[in-house]
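Architecture at a glance
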Amino acid sequence: MSLYEIRNMAVAIAGEQLVEEVSLTVGPGQCTAIIGASGSGKSLTCLTPFGLTPGVVSGSMLLDDIDLGSADARHLRDVRRRLAGFIFQQPLTALTPHLTVGAQLQEATMQAGAARPSRRELARKLERVGLSRPDERLDQFPHRLSGGERQRVMIAAAIAHSPKFLIADEPTSALDASLRAEIMELLDELRTEEGLGMLLVSHDLASVEGHADQLVVMDKGRVVESGPAGAVIANPAKDYTRRLIAATPRLQEPISAFSRPGELLLETDCLGVDFDRPGWRRGKIRAVVDASIIARQRESLALVGGSGSGKSTLGRAIAGIGPATEGEILWQGAQLPERRKRSLDMRRLIQPVFQDPVASLDPQWQVQDIVIEPLRYLRPDLTKVERNEMVRQALSAVALTEDFLTRLPASLSGGQAQRVAIARAIISAPQLLVLDEATSALDPLVGAEILKLLSQLQVENGLSLLFITHDIAAARRLCHRIAVMEEGRIVETGNMQAVIDDPRHPATQKLIAAS
Amino acid sequence: MLVLITRRLMTAIPTLLVIILASFFLMRLAPGGPFDGERPLDPATQAALQQAYGLDRPLWEQAWLYVSRLMQGNFGPSLVYRDFTVSELIAQGLPISLTLGGLAILLALMFGVTAGLFAAVRAGQVADKTIMMLATVATALPTFVTGPALALFFGLWLGLLPVSGTGEGGAWLIMPVVALALPVSGAIAKLTRAGLASVLKQDHIRTARARGLSETKILFKHGLRPALVPVASYLGPAAAGLLTGAVVVETVFGLPGLGRYFVQGALNRDYPLVLGVVTLYAALIILFNLFADLIYGWLDPRMREG
Amino acid sequence: MLKRHFPLVLVLAIVMLAVLLPFLLPWSYDQIDWNAVRAPAFGESHFFGTDEIGRDRLARLAAGTRVTLMVAIAAALVSLIVGIAWGATAGWIGGRVDEAMMRIVDGLYALPFMFIVILLMVVFGRSILLVFVGIGLVEWLTMARVVRGQVMGLKQRPFILAAEAAGTPSIAIILRHILPNIAGVALAYLMLTVPQVVMVESFLSFLGLGVQEPLTSLGILVKEGADDMDMTPLGLALPGGLLVMLLVCLTFEGERLRDRFS
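Residues numbered from 1 in each chain as written. Chains lettered and ligands numbered in written order. Predicted model: local features only at pLDDT ≥ 70, side-chain atom pairs only at ≥ 80, totals over all residues. Heavy atoms only, no water.

Within chain C, the secondary structure is distributed over nine helices and zero strands. Beginning at the N terminus, the succession of helices and strands in chain C can be written as α-α-α-α-α-α-α-α-α. Each principal axis of the C-alpha distribution contributes one length, and for chain C these read about 75 × 45 × 25 Å. Partitioning the intrachain contacts of chain C with sequence separation of at least 6 by distance along the chain shows that 71% fall at a separation of at least 24. Roughly 10,900 Å² of accessible area belongs to chain C as shown, and the carbon and sulfur atoms make up 70% of that amount. Taken as two groups, the 19 positive and 20 negative side-chain charges of chain C have centres that lie 12 Å from each other. (Helix = DSSP H or I, 4+ residues; strand = E, 2+ residues; numbered from the N terminus. Contact = heavy atoms within 4.5 Å. Areas by Shrake-Rupley, 256 points an atom, 1.4 Å probe, with all protein chains shown as cover. Lys, Arg positive; Asp, Glu negative; His and termini not counted. Charge placed at Lys NZ, Arg CZ, Asp CG, Glu CD.)

Given below as structure tokens:
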């Protein structure tokens, strides 16, 4: 007997059919996960039947024998009030900023008509989701809590009125890698204890593995494949699912051989980066402390850490686009000066690629002007014809056709924009690329392609890569060695596989457990 | 919170001091000397000025003298209104100006927030578009046009309201306050509408909706407060605008408020009067900005940390 | 275009009339027709009649609009230049310099501008130059804040960092990446500054502290009309109506532009 059942559901917004022929079931105490890339219609599928999107829904949706399809707005509100609980992606913004945690939890508790809870009861609810010092939290405003703490409050509020059904829309995507596992475990625990049915939505197959009983794979508004999670992953029936599984990095998967590293290229010696505190306050923020890493020719080094670990700051210092306040950066033994003092010849050696592909390109410029920009200053010796020829070569190296030359960034998809950014980075023939979360903002399939492109470029052009990421499994596909950062310090370095097999530092262990 | 207030005060006091000193030195810079205006001064005023500014002493000492007298509420003698000191004129005019301004801002807030709320709830519909159009028109209505127009229509033609002076009862206040409040209420309506429109799109509203709350409760409990942040930050400029508008309204409706003294002073180069009023206005506006900061913190606790 | 941008079309029409009318009308704005003092509107030789001393209303309206708009555009340009220079510098350098520069703007924001402009006027005598320098120097604050916010936002964008890594010098980054990306917003705020300045200028002139006779401006015409409104309401209605129409249209277009770019 199922708690929630969707049969042949379709969703349209403003006349456009965005979701079609979706069917799924959720049993009591069970978790059904919907997996799909952005724009696959997964969020619409889970939120629209409850009236939480502007979409118009058709088909049959039964929750606890109530037909949501025929319910009017008031009725749906009643269903949300009594039967369902919701957890959303952004814990930063999903709580009302001007109401205390206690006030919001109280509102959630009373939403189905329960009596006003005592302070002790509210505190107990926070304790239940694993928040320390729950009594103190009740009087705090949401912005005082960390991302993970806020998501715990969201969960406490979502189950405060004892619903039968929980909907979690990307509950861990906005959280640090090491927190994701904890939050998923908490959800599992609550689900089994309370006998809740849960509909989980995610873009990341790895994050739901081991948590979902049923799996529904969606693409372009349709269900590609569905069934018991273990069976679908072990034995995918459809090509899309196979590709998705192949694209999702895993720590256990076999990897192909890497190129052989050459001589020592880059070395940082006790590098430190301090920032002034904002405002007139005295003191410094130490973003990077005593960081010493090396990178050889044709070698990829993964720089892995949670958000705020200082990995991007270190990467920017090396690339000469961020400050370095202490220590030295050495290139083949010679000193590379700090940011503004770096000469054009030095800049030619190292080029960056960033996380957000769209923000990496000037929205006013055409692709050809964007790609040519490094040549203008770094290779003043070239003629215009030579430059144009190099732009074409760079584009073809990243597998883009010449049609893209005159396109504007706004007309590119995320993957295409990232390819343009990579073309710009390699056009001046650098020896080291600093890749700052270069695949994190992309959909899994696209991210895997970019990863493959990078590894291919490395072999063909003999590039060294500094791959900055929070995702060890993705790094493992590309990198020879790993350096783990926490709170501005390098806490562990070593051969990639060796570190994964035997992590010494707690931070490394946490990151590995989360992958 | 306390930190924020102290920090604001720490910038407010130097700002005020800078204004006072700047105006003082500006006055001393005036071509042909500040006190030999078109009309020769009578010996009594001359002596009073001499005494007030110590005109024979070094400049910095004069400035210090002026500031320290200001602290005691002594703004010096008026050159136009010979029988009064500036302090006396301020004491006379300030209550009228404050009444006008206070009533106008209350009216504008009530009217503007209500209209903005109404438009936001009906977003995209005819009512919304009409209200926003009217609000834009209202913001573009200068008091020096609406004032005379109202006086002409309701005073001279219909004979409903007094055109000039203070008179008995409160009827004399109606037209000046309306003329003052109109542009401010238009601006507040627009800010409220825009604030609500952006807040209602935010995630926490979806959370509230997911809880099955009624739309009214969502609007008032979860939406309104953060939506009013832009309104709060407009209060400072609004106060400045009202004080400026009051100058016109008092002139148009012949009210013996501070603004009218100011204009008379300005037209007749009555330096002590103009200086006194500018200083007072600056202090008032700074005070009002401080007040707006307090409201900020209540509307959105994130601002309390500054 | 004509229907969507009706306000803009209206403003352009008013500007055209203000510029061309003096060449078409037989009367200049300060010429007195002794034979037709207080002539009624729509008469033979004076379309909108004459004022209480026999000057042609239409000619005065055109002259007033011209002066008002000239002051407004000049002051808006002053505010644009000062605002962009100040805001872009603060935003680009950042850190304590930005902190200090923006504190100054905050401090100035809290001032009663209008009174400071008047104070300047009292001290240095009334002149049209002072009117628009004064106004321009006051109205740049909003522009500076907006530009600074935009520059701060852009500076963090990876494409600026990529330009730095590409060896592009700072000045070229500002000229080629930053300025083109803030141009739209700056234009919108320039458009919104114009009605602000029109308002300030008219206010000053209304009080007799702005543009001085024999020159005229919409503010002066409103003042003259208000003084004489019990005799001829048209004297108030014409410049008042025209002023409000200009302000409304400019605000509409400016806001539309602003919403498009932000």
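The secondary structure content of chain B amounts to 12 helices and zero strands. Along chain B, helices and strands appear, N-terminal first, in the series α-α-α-α-α-α-α-α-α-α-α-α. Seen through its C-alpha atoms, chain B measures out along the principal axes to roughly 80 × 55 × 35 Å. A buried classification covers 52% of the 306 residues belonging to chain B. (Buried < 20%, exposed > 50% of the residue type's maximum accessible area, 1.4 Å probe, protein only.)

This part is about the packing of helix H3 (residues 95–109) of chain C against helix H5 (residues 128–155) of chain C. Residues and elements named next belong to chain C. Two numbers describe how H3 lies on H5: the axes approach to 10 Å, and their chain directions differ by 150°. It follows that H3 is roughly antiparallel to H5 by the angle criterion. Relative to H5, the crossing made by H3 is left-handed. For the pair H3 and H5, contact is made by Asp98, Met102, Val105, Asp106, Leu108 and Tyr109 and by Trp140, Leu141, Thr142, Ala144, Arg145, Arg148 and Met152, respectively. Classifying every residue of the contact of H3 with H5 by side-chain character gives eight nonpolar, one polar and four charged. (Axes fitted to C-alpha atoms, helices over the stretch in contact; angles between N-to-C directions. Parallel < 35°, antiparallel > 145°, perpendicular 65-115°, else oblique. Left-handed = near helix turned anticlockwise from the far one by under 90°. Nonpolar A, V, L, I, M, F, W, Y, C, P; charged D, E, K, R; others polar.)

This part covers the interface of chain C and chain B. Taken residue by residue, the interface counts 36 residues in chain C and 44 residues in chain B. Carbon and sulfur atoms supply 84% of the area that chain C and chain B bury against each other, a total of about 3,500 Å² over both sides. Summed over the three residues of chain C that lose the most area to chain B, namely Phe115(C), Val122(C) and Val123(C), the buried surface amounts to 19% of that side. The interface formed by chain C and chain B includes one salt bridge. The shortest N-O distance in the salt bridge between Glu255(C) and Lys190(B) comes to 2.4 Å. On the surface where chain C and chain B come into contact, there are one residue pair in polar contact (both at pLDDT 80 or more). Sorting the residues of the side of chain C that touches chain B by element identifies H3, helix H4 (113–124), helix H7 (170–206), helix H8 (218–227) and helix H9 (234–261) of chain C as the ones contributing at least two each. In terms of residue count, H9(C) provides more of the side of chain C that touches chain B than any other element does, nine residues in total. Looking at side-chain class alone, the side of chain C that touches chain B contains 26 nonpolar, six polar and four charged residues. (Buried area = accessible area lost by both parts, 1.4 Å probe. Salt bridge = Lys/Arg side-chain N within 4 Å of Asp/Glu carboxyl O. Polar contact = N/O pair within 3.5 Å; in protein donor to acceptor, adjacent residues only side chain to side chain.)

Let's shift gears to helix H3 (residues 101–110) of chain A. Most of H3(A) is tucked away: eight of the 10 residues are buried. Among the residues of H3(A), those classed as buried are Val101(A), Gly102(A), Gln104(A), Leu105(A), Gln106(A), Glu107(A), Ala108(A) and Thr109(A). In the core, the buried residues of H3(A) are packed alongside helix H4 (119–128), helix H5 (134–138) and helix H6 (147–158) of chain A together with helix H9 (215–227) of chain B.

Among the nonpolar cores identified, the biggest contains 145 residues, and Phe144(B), Ile118(C), Phe203(C), Leu204(C) and Leu207(C) are the most heavily contacted of them. Setting aside its immediate chain neighbours within four residues, Ile118(C) contacts Phe262(B), Ala266(B), Phe203(C), Leu204(C) and Leu209(C). Counting residues in hydrophobic clusters, the runner-up holds 83 residues, among them Val11(A), Ala84(A), Phe88(A) and Phe165(A). (Core = buried A, V, L, I, M, F, W, Y, C linked by side-chain atoms within 4.5 Å.)

With respect to the helices and strands, the residue Thr279(B) is situated in helix H12 (residues 271–299). Leaving out residues up to four positions away in the same chain, Thr279(B) has contacts with Leu16(B), Ile20(B), Tyr66(B) and Leu70(B).

To continue, consider the sheet that holds strand S19 (residues 464–469) of chain A. For sheets, the rule is that strands pair by backbone hydrogen bonds, running either parallel or antiparallel. Residue and element names in this part refer to chain A. Strand order in the open sheet made by the six strands is S17-S18-S19-S14-S20-S21, with mixed pairing throughout. Because the sheet does not close on itself, it has two edges, and the strands there are strand S17 (350–353) and strand S21 (489–495). Across the sheet, the axes of successive neighbouring strands diverge by a mean angle of 15°, strand direction being ignored. Where strand S14 (residues 300–305) and S19 come together, five bridges link them in parallel fashion. (Pairing = 2+ DSSP bridges.)

Listed by partner, the interface residues are 20 residues for chain B and 24 residues for chain A. By the criterion of area lost to chain A, the three top residues of chain B are Arg206(B), Ala210(B) and Arg211(B), representing 30% of everything that side buries. The interface formed by chain B and chain A includes two salt bridges. Of the charged contacts in the structure, one is a salt bridge between Arg211(B) and Glu107(A), with a shortest N-O distance of 2.8 Å.

For the rest of this paragraph, the subject is the pairing of strand S9 (residues 214–219) of chain A. Residue and element names in this part refer to chain A. As defined by bridge partners, strand S3 (residues 31–35) adjoins S9 across four bridges and the pair is classed as parallel. Each residue of the ladder has a partner; that of Ile34, found in S9, is Val216. As defined by bridge partners, S9 adjoins strand S10 (residues 222–228) across six bridges and the pair is classed as antiparallel. By the bridge assignment for S10, Gln214 is matched with Pro228. Counting the residues between successive antiparallel strands, the hairpin from S9 to S10 contains two residues, one of them, Lys220, with a positive phi of roughly 50°.

Tallying each qualifying case throughout the model produces 41 salt bridges over all chains. Ionic pairing is found between Asp381(A) and Arg379(A), a salt bridge with its closest N-O pair at 3.4 Å. Classification of Asp381(A) as exposed rests on a relative accessible area of 53%. Through salt bridges with shared partners, one network takes in Arg339(A), Arg340(A), Arg347(A) and Glu164(C).

Further remarks concern helix H10 (residues 229–252) of chain B. Residues and elements named next belong to chain B. Here H10 spans 34 Å end to end across 24 residues, near enough to the 34 Å set by a 1.5 Å rise per residue. The largest bend in H10 comes to about 40°, at Leu235, with the proline Pro237 one to four residues further on. Of all 24 residues in H10, 17 are buried, a share of seventy percent or more. Directly after H10, the chain includes Gly254, whose backbone phi takes a positive value near 60°. (Expected span 1.5 Å × (residues − 1). Bend = angle between axes of the 7 residues up to and from the residue.)

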